[in-house]
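Observations on chain architecture
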Amino acid sequence: LCGVLGAVALLGGISAPAGAAEDRFQAGREAARAGDLGRLNRLIQEAGDSPLDGYLSYWALSIRLARRENLDADYTAFLAREDGSLLAERARTDWIRDSARAGRWDIVRNQVPLLRQPEQEMNCWLWQAKIAAGSPSIASDANSLWNSTSEPGEACAPVIAALSVLKTADAHWQRARR
């Protein structure tokens, strides 16, 4: 009987922190949806070592990024803390996208190669960074984009335009046929 009571007490002690982490996560998600950075910051202060607690910091960074705050140091710290996680990959992608739209090509050049599986948009941002730096390798680097049959997104249009001036009329017709 003592062993069973001890196990119940132990399990009760284990589930309480997990419940608190889940409650923080739910409250953080609601605060993020409402754009309540103050509430998120308070929840971050209460956070422990639950895997869910990383989302609180991610949501706070997302709100601050939307407010156009300078977050380079905060993103660097977050990425180091969440290294290897899907959450870090999402945060890095957000940071790259925002930096590219602001023309902060140094961040794009440094961060895109760190993505595990960059999407075409991220590659196009990197190629734009290379174009901005005057890299002569853009023609060979981005040739796969020129030969692609998929519809290029917003980030790829300037790359296609840059490649276009390097291509022959025949290459333009081949692309149009594809």
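Summarised in this report is the structure supplied together with it. Model, not experiment: these values are computed from the prediction.

Looking at the state of the cysteines
A complete count under the given rule lists one disulfide for this structure. For Cys-124, the disulfide goes to Cys-156, at an S-S distance of 2.0 Å. Taking the sign of the S-S torsion, about 90° here, the bridge from Cys-124 to Cys-156 comes out right-handed. Of this pair, Cys-124 sits in helix H7 (residues 120-132) while Cys-156 is found in the loop between helix H9 (143-147) and helix H10 (157-164), placing the two residues 32 residues apart along the sequence. Classification of Cys-124 as buried rests on a relative accessible area of 0%. Accessibility expressed as a relative area gives 1% for Cys-156, which makes it buried.

Some points on the side chain of Glu-82
Relative to the helices and strands, Glu-82 is located in the loop between helix H4 (72-81) and helix H5 (86-101). Within the buried core, Glu-82 has no salt-bridge partner, and the shortest N-O distance to an opposite charge, that of Arg-81, equals 4.5 Å. Other than its neighbours up to four places away in sequence, Glu-82 contacts Gly-54, Leu-87 and Ala-88.

A closer look at unusual backbone geometry
Backbone geometry places Arg-68, a non-glycine residue, at a positive phi of 70°. For Arg-68, the location among the structural elements is in the loop between helix H3 (53-66) and H4. On the accessibility criterion, Arg-68 (54% relative accessible area) is exposed.

Structural notes on the pattern of salt bridges
All told, the structure shown has nine salt bridges when counted by the stated rule. As a salt-bridge pair, Arg-104 and Asp-72 come within 2.3 Å of each other at their nearest N and O atoms. Residue Arg-104 is found in the loop between H5 and helix H6 (105-111), and its partner Asp-72 is found in helix H4; the two are separated by 32 residues along the sequence. Across the salt bridge formed by Lys-130 and Asp-141, the nearest N and O atoms sit 3.0 Å from each other. On the criterion of sequence distance, the pair formed by Lys-130 in helix H7 and Asp-141 in helix H8 (residues 138-141) is long-range, its members being 11 residues apart.

Observations concerning H10
Those residues of H10 not exposed but buried are Val-159, Ile-160 and Leu-163. Along the long axis of H10, the arc covered by the buried residues comes to 100°, so they all point the same way. As for H10, its buried residues are in contact with H7, H8, H9 and helix H11 (169-177).

Details of the packing of H7 against H10
Packing of H7 against H10 leaves a shortest axis separation of 8 Å and a crossing angle of 50°. Relative to H10, H7 is oriented oblique. Between H7 and H10 lies a crossing whose hand is left-handed. Within the contact between the two elements, H7 uses Cys-124, Trp-127, Gln-128 and Ile-131 and H10 uses Pro-158, Val-159 and Ala-162. Along the lines of polarity and charge, the residues of the contact of H7 with H10 split into six nonpolar, one polar and no charged.

With respect to the packing of H3 against H4
Where H3 meets H4, the axes come as close as 11 Å, and the angle between the chain directions of the two elements is 160°. Judged by the angle between their axes, H3 and H4 are roughly antiparallel. Seen along the crossing, H3 lies across H4 with a hand that is left-handed. Where H3 abuts H4, its residues Gly-54, Ser-57, Tyr-58, Leu-61, Ser-62, Arg-64 and Leu-65 lie against Asp-74, Tyr-75, Phe-78 and Arg-81.

With respect to the side chain of Asp-53
Mapping Asp-53 onto the fold places it in helix H3. The class for Asp-53 is buried, based on a relative accessible area of 6%. Not counting chain neighbours up to four residues away, the residues in contact with Asp-53 comprise Arg-24, Ala-47 and Gly-48.

Thresholds, definitions, all that
One numbering rule holds for all chains: residues counted from 1, following each sequence as written. Two thresholds apply to this predicted model, a pLDDT of at least 70 for residue-level local features and 80 or more for giving and counting side-chain atom pairs, whereas whole-chain, interface and lining totals are computed over all residues. To obtain the side-chain values, all non-hydrogen atoms of the structure were used and water was disregarded. By disulfide we mean two sulfur atoms from cysteines, separated by a distance within 2.5 Å. By definition, any uninterrupted DSSP run of H or I lasting at least four residues is a helix, any uninterrupted run of E lasting at least two residues is a strand, and each is numbered from the N terminus. Burial classification: accessible surface area is computed with a 1.4 Å probe over protein chains only, and a residue below 20% of its type maximum counts as buried, one above 50% as exposed, and the rest as partly exposed. Counting rule for charge: Lys and Arg are taken as positive, Asp and Glu as negative, and neither His nor the chain ends is counted. Salt bridges, as used here, are contacts in which a Lys or Arg side-chain nitrogen is within 4 Å of a carboxyl oxygen on Asp or Glu. Residues count as neighbours in contact if any of their non-hydrogen atoms are within 4.5 Å of one another. Arc definition: directions from the helix axis to the C-beta atoms. For helices, the fitted line uses only the C-alpha atoms of the stretch in contact; every axis is such a line through C-alpha atoms, and the angle between N-to-C directions lies from 0 to 180 degrees. Should an angle fall under 35 degrees it is taken as roughly parallel, and over 145 as roughly antiparallel, whereas 65 to 115 is taken as roughly perpendicular and any remaining angle as oblique. The crossing is said to be left-handed when, going from far helix to near helix, the turn is anticlockwise and less than a right angle, and right-handed when the turn is clockwise. Asp, Glu, Lys and Arg are counted as charged, while Ala, Val, Leu, Ile, Met, Phe, Trp, Tyr, Cys and Pro are counted as nonpolar; the rest, among them Gly, fall into the polar class.

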